[in-house]
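Coordinates in review
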Amino acid sequence: MTCPTQPTASHFINGAYIEDTAGAPIEVIYPATGETIATVHAATPALIEQAIAGARAAQPTWAAMTGTERGRILRRAADILRERNHELSVLETYDTGKPYQETSVADATSGADALEYFGGMAATLTGEHIQLGEDWVYTRREPLGLCVGIGAWNYPIQIACWKGAPALACGNTMIFKPSETTPLCALKVAEILHEAGLPAGVFNVLQGLGEVGAALVTDPRVDKVSLTGSVPTGRKVYAAAAQGMKHVTMELGGKSPLIIFDDADIENAVSGAILGNFYSSGQVCSNGTRVFVHKAIKEAFLDRLGARLSSAVIGDPMDPNTSFGPMVSERQMTIVLDYIEKGKAECARLVCGGARLDREGFYIPPTVFADVTDDMVIAREEIFGPVMAVLDFEDEADVMARANDTEFGLAAGVFTRDLARAHRVAAGFEAGACFINSYNDAPVEAPFGGVKASGVGRENSKAAVEHYSQVKSVYVRMGDLEAPF
Ligand code: NDP
């Protein structure tokens, strides 16, 4: 079995696809059937060297182009992504197992948004003028140099674009290493950027396991590392980058709270809980997996949730009617099933789901545990699968303290009709991305990123520019300079 739209080789370096079968083979598995759809090869040391040398050599010329010229290429690439949305969505579905119903509206499209947004911004990046009497200072916004992007497997096109677009807009070059689980899509992003006119060496893709990422992170010619991944990997990568005093962006995991007050619109709150737990089969970093529901509405909420979940269409991800697909891999399925067993052993009330589906592929249905308490493992650890924990509360101050009692701080949401309470709660959340009467919206215009163990830095929005550029100040003296001797 092969995907009709897949790339022609494992790596994209210096403007061209390149293969080196000496690298360890990595099988690409279609999660809906367990079949192998492609084999890529990990980058060898020679290819890593070629990519780093090429990206370094290309950077000064790329940075010397005007922002308007750089931006035009990124915006052209955004247009191509949109024109090829169907074939890219098919590839993303084969790579990740996510339903085409999702990939066709959320993946290449959000990647295109990032290329368009940062392409538009490239020409607006400037320094400032600071008058100091008759002297003055001006600042120059300069690129960092060579950036490394390392991706997780849940949104391969989006992650490549969320990292690549701001990096390139600011005049950097990038080497992107996708997750070994979903290696195909980022290659298409590189291909399209070059079709749009990107000079060779500016955006490169190398495959490999963590060790290829580690080789890139520790290379002294790399100036910045942007990782999307788990907290344990984040700790390792951050520590390795610190040895070289490199810039970092860390987009890591979460165990985010979603608080539903008794005055909330229940249908909207159920929608928020579904979007925040079961979209992409629950494999979303910002998911609101600790759902705190006011005691007065808990059973009504669970009833409506159960009814709505029973209409999920679980099946062939390529069928446009399918709204819920498999886990990305057998490994991830095993991890999630293990957490489900822990939830049962801890005596949480299983409301629905709770076992692997009896069919080929890595399917776990939407699973809801109620009567979960704060100390249970399923309420404390990131599961990264379709498992919702419903917890009770009665008092606002109490639920806020419990919501914030976690090492993570990626996202948080609140459903209430009380405006003052909504803003008070949002202000009180220890989280980077908050939602009022909504969940998991991530427009490119809004900053995205975590606090506490969930990360460092922000992606998207104007804030990302701060993480892909640096400011140089130049003091200009207009008169004579006095010295003590
Ligand atoms: P991992 O942390 O396992 O891997 C992330 C990436 O890091 C992979 O490409 C991996 O390569 C690479 N890697 C692993 N070890 C090293 C190392 N020592 N040095 C350099 N690179 C390394 O995460 P998953 O892929 O399993 O993704 C799931 C996690 O990502 C969840 O915790 C989720 O919350 C988080 N995530 C965060 C997001 C955010 O924006 N905050 C968005 C999406 C996911 P390989 O896989 O090839 O070993």
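Residues numbered from 1 in each chain as written. Predicted model: local features only at pLDDT ≥ 70, side-chain atom pairs only at ≥ 80, totals over all residues. Heavy atoms only, no water.

Concerning the packing of helix 2 (residues 67–83) against helix 5 (residues 108–121)
Our working definition: Angles shown run from 0 to 180 degrees and are taken between the N-to-C directions of axes, each axis being a line fitted to C-alpha atoms and, for helices, limited to the stretch in contact. What counts as a helix is a DSSP run of H or I of at least four residues, what counts as a strand is a run of E of at least two, and both are numbered from the N terminus. The labels follow the angle: roughly parallel below 35 degrees, roughly antiparallel above 145, roughly perpendicular from 65 to 115, and oblique for the rest. Here is the rule for handedness: rotate from the far helix to the near one, and if that takes an anticlockwise turn smaller than a right angle the crossing is left-handed, while a clockwise turn gives right-handed. Pairs of residues are marked as contacts when any of their non-hydrogen atoms sit within 4.5 Å. Residues are grouped as follows: nonpolar covers Ala, Val, Leu, Ile, Met, Phe, Trp, Tyr, Cys and Pro; charged covers Asp, Glu, Lys and Arg; every other residue, Gly included, is treated as polar.
Remark: helix 2 packs on helix 5, axes separated minimally by 8 Å, with the N-to-C direction vectors making an angle of 160°. Between helix 2 and helix 5, the crossing angle belongs to the class labelled roughly antiparallel. Our pair here, helix 2 against helix 5, has a crossing hand that is left-handed. Every residue of helix 5 that contacts helix 2 at Gly 71, Leu 74, Arg 75, Ala 77, Ala 78, Leu 81 and Arg 82 is listed here: Ala 108, Thr 109, Gly 111, Ala 112, Asp 113, Leu 115, Glu 116, Phe 118, Gly 119 and Gly 120. Considered class by class, the residues forming the contact of helix 2 with helix 5 number eight nonpolar, five polar and four charged.

Quick look at the pairing of strand 5 (residues 129–132)
Which entries qualify depends on this criterion: Strands were regarded as paired on the criterion that DSSP finds at least two bridges between them.
Of the pairings in the sheet, the one linking strand 5 to strand 6 (residues 135–143) comprises four bridges and is antiparallel in character. Opposite Leu 132, over in strand 6, you have Asp 135 as the bridge partner.

Remarks on the domain arrangement of the protein
Stated precisely, the cut-off is as follows: Segment limits for the domains were obtained from an automatic or database-derived domain assignment. Buried area adds together the accessible area that both of two parts lose upon being put together, with accessible area traced by a 1.4 Å probe. Just to be clear on terms, a salt bridge is a Lys or Arg side-chain nitrogen sitting within 4 Å of an Asp or Glu carboxyl oxygen.
Along its sequence, the protein is organised into domain 1 (11–253 + 454–472) and domain 2 (257–436). Computed over C-alpha atoms only, the centres of domain 1 and domain 2 are separated by 30 Å. Counting each side, the surface lost to burial between domain 1 and domain 2 is near 2,300 Å², with a carbon and sulfur contribution of 60%. Across the domain 1-domain 2 interface, the total number found is one salt bridge. Across the salt bridge formed by Glu 407 and Arg 235, the nearest N and O atoms sit 3.4 Å from each other.

Digging into the UniProt feature "active site" (unreviewed entry) in the protein
To keep it simple, the criterion reads: UniProt positions are given in the numbering used here, feature names are shortened, and annotations may be inferred rather than shown by experiment.
According to UniProt, the feature "active site" (unreviewed entry) maps to Glu 251 in the numbering used here. Checked against the element boundaries, Glu 251 lands in strand 11 (residues 247–251). Those residues in contact with Glu 251, other than ones at most four positions away along the chain, are Leu 227, Thr 228, Gly 229, Leu 410, Phe 448, Gly 449, Gly 450, Ser 454, Gly 457, Arg 458 and Glu 459.

Description of the nonpolar core
Most often, soluble globular proteins have nonpolar side chains that are buried together. Here is the rule: Residues grouped as a nonpolar core are buried Ala, Val, Leu, Ile, Met, Phe, Trp, Tyr and Cys residues, joined through side-chain atoms within 4.5 Å. Only protein chains enter the accessibility calculation, which uses a 1.4 Å probe. A residue is then buried if its area is under 20% of the maximum for its type, exposed if over 50%, and partly exposed in between.
One finds Leu 168, Phe 203, Ile 260 and Phe 301 to be the most contacted residues of the largest nonpolar core, which totals 90 residues. The element contributing the most residues to this core is helix 6 (residues 156–169), with nine residues. One finds Val 336, Met 400, Val 414 and Phe 429 within the second-largest nonpolar core, a separate group that totals 30 residues.

A short note on the site of the ligand
Stated precisely, the cut-off is as follows: Being near a molecule or strand, for a residue, comes down to having at least one heavy atom within 4 Å of it. N or O atoms within 3.5 Å of each other form a polar contact, as long as, within protein, one can give a hydrogen and the other can take it, and as long as residues adjacent in sequence are counted only when both atoms are side-chain atoms. What sets the accessible areas is the Shrake-Rupley method with a 1.4 Å probe; for residues, cover comes only from the shown protein chains.
Near the ligand you find 28 residues, and of these Gly 151, Ser 230, Thr 233, Leu 252 and Glu 382 are the closest. Within the backbone of Gly 151, an N or O atom sits 2.7 Å from an oxygen atom of the ligand. One nitrogen or oxygen atom from the main chain of Leu 252 is found 2.7 Å from a nitrogen atom belonging to the ligand. Coverage of the ligand by the protein chains reaches 86% of its 910 Å² of free accessible surface. Broken down by secondary-structure element, the contributors of at least two residues to the shell around the ligand are helix 8 (210–218), strand 10 (224–228) and helix 9 (231–243).

Some points on helix 2
An α-helical segment advances 3.6 residues per turn. Residues three or four places apart therefore align on the same side. What counts here: The span one expects for a helix is its residue count, reduced by one, times 1.5 Å.
For helix 2, with 17 residues, the first-to-last C-alpha span of 24 Å sits near the 24 Å given by 1.5 Å per residue. For helix 2, every residue scored as buried is listed here: Gly 67, Arg 70, Gly 71, Ile 73, Leu 74, Ala 77, Ala 78, Ile 80 and Leu 81. If you follow the buried residues of helix 2, they end up packed against helix 1 (45–64), helix 3 (85–96), helix 5, helix 6 and helix 7 (185–195).

Brief notes about the packing of aromatic side chains
The following threshold applies: When two rings of Phe, Tyr or Trp (its six-membered ring) have centres within 6.5 Å they constitute a pair, described as stacked for plane angles under 30 degrees, edge-to-face for angles over 60, and tilted for the intermediate range. Placement of a charge over a ring requires the Lys NZ or Arg CZ to be within 6 Å of the ring centre, with the centre-to-atom vector within 35 degrees of the ring normal.
For the coordinates displayed, the defined rule picks out nine aromatic pairs. Ring centres of Tyr 30 and Tyr 94 lie 4.6 Å apart, and the angle between their planes is 25°; on these two criteria the pair is classed as stacked. Separated by 64 residues along the polypeptide, Tyr 30 in strand 3 (residues 25–30) and Tyr 94 in helix 3 bring together distant segments of the chain. Each member of the pair Tyr 30 and Tyr 94 is classed as buried. Note that Lys 342 overlies the ring of Tyr 339, its terminal NZ or CZ placed 5.0 Å from the centroid. A cation over a ring is seen here: Arg 359 above Tyr 363, with NZ or CZ 4.4 Å from the ring centre.

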